[in-house]
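Understanding the architecture of this molecule
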Amino acid sequence: VQLQASGGGLVQAGGSLRLSCAASGPTFSSYTVGWFRQAPGESREFVAAIRRNGGTTHYANSVKGRFTISRDNAKYTVYLQMNSLKPEDTAVYYCAADLGLILSSLRFEASYTYWGQGTQVTVSS
């Protein structure tokens, strides 16, 4: 599957953005999709994940209550709605996908085979 992330931009603290991860292929609904982010000088970190067929969602503690991950399998797209953005949310955001991930593996980037190209999110104070 090929992934295309979009929707990043520059926003003031407290604002909102919605990222999209568009996928190719009719089997998209079978994939678990995750969002990760990487700030300058930092390692890539888990943000959120959604299980296949619009199942359960999982979030990093740092974004819980502010970010919402969802998917529209008919459009082959996963969304990350980001509200109450903070300067520390500034990073390049990547979407990733894979099949058959178990719960304990969702938060690890090495678990995902397919990656999008990343989209920059910048939150000004």
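The structure under discussion appears in the preceding block.
Residues numbered from 1 in each chain as written. Predicted model: local features only at pLDDT ≥ 70, side-chain atom pairs only at ≥ 80, totals over all residues. Heavy atoms only, no water.

Some details on the overall build of the chain
Assigned secondary structure in the chain consists of zero helices and eleven strands. Scanning the chain from its N terminus toward the C terminus, one meets helices and strands in the order β-β-β-β-β-β-β-β-β-β-β. For 125 residues, the compact-globule formula gives about 14 Å, and the C-alpha radius of gyration of the chain, at 13 Å, lands near that figure. When the backbone C-alpha atoms are referred to their principal axes, the chain occupies close to 40 × 25 × 25 Å. Per-residue burial over the chain gives 43% buried out of 125 residues. Within the chain, counting contacts between residues at least 6 apart in sequence, those at least 24 apart form 57% of the total. For the chain, the exposed area adds up to about 6100 Å²; of that, 49% sits on carbon and sulfur atoms. Where the 11 positive side-chain charges of the chain centre and where its 7 negative ones centre are 8 Å apart. (Helix = DSSP H or I, 4+ residues; strand = E, 2+ residues; numbered from the N terminus. Rg over C-alpha atoms; globule rule 2.2 N^0.38 Å. Buried < 20%, exposed > 50% of the residue type's maximum accessible area, 1.4 Å probe, protein only. Contact = heavy atoms within 4.5 Å. Areas by Shrake-Rupley, 256 points an atom, 1.4 Å probe, with all protein chains shown as cover. Lys, Arg positive; Asp, Glu negative; His and termini not counted. Charge placed at Lys NZ, Arg CZ, Asp CG, Glu CD.)

Description of the sheet that holds strand S1 (residues 3–6)
Taken in spatial order, the four strands line up as S1-S3-S8-S7 in an open sheet, and their pairing is antiparallel. Two strands in the sheet have a free side with no partner beyond their single neighbour: S1 and strand S7 (67–72). Strand-to-strand twist in this sheet, taken as the mean axis angle between neighbours without regard to direction, amounts to 15°. Sheet analysis places S1 next to strand S3 (residues 17–23), joined by four bridges and oriented antiparallel. Within the sheet, the bridge partner assigned to Ala5 lies in S3 and is Cys21. (Pairing = 2+ DSSP bridges. Axes fitted to C-alpha atoms, helices over the stretch in contact; angles between N-to-C directions.)

Thoughts on the environment of Glu42
Considering the arrangement of structural elements, one finds Glu42 in the loop between strand S4 (31–38) and strand S5 (45–50). A C-alpha to C-alpha distance of 9.4 Å links Glu42 and Ala91, two positions 49 residues apart in sequence.

Overview of the nonpolar core
By size, the foremost hydrophobic cluster in this structure holds 36 residues, and its most contacted members are Trp35, Leu80, Met82 and Tyr93. Only S1, S3, S4, S5, S7, strand S8 (77–82), strand S9 (91–99) and strand S11 (119–124) provide two or more residues apiece to this core. Ignoring sequence-local partners within four residues, the contact set of Leu80 consists of Leu17, Arg18, Leu19, Trp35, Val47, Ala48, Phe67, Thr68, Ile69 and Tyr93. (Core = buried A, V, L, I, M, F, W, Y, C linked by side-chain atoms within 4.5 Å.)

So yeah, pure geometry; function would need other evidence.
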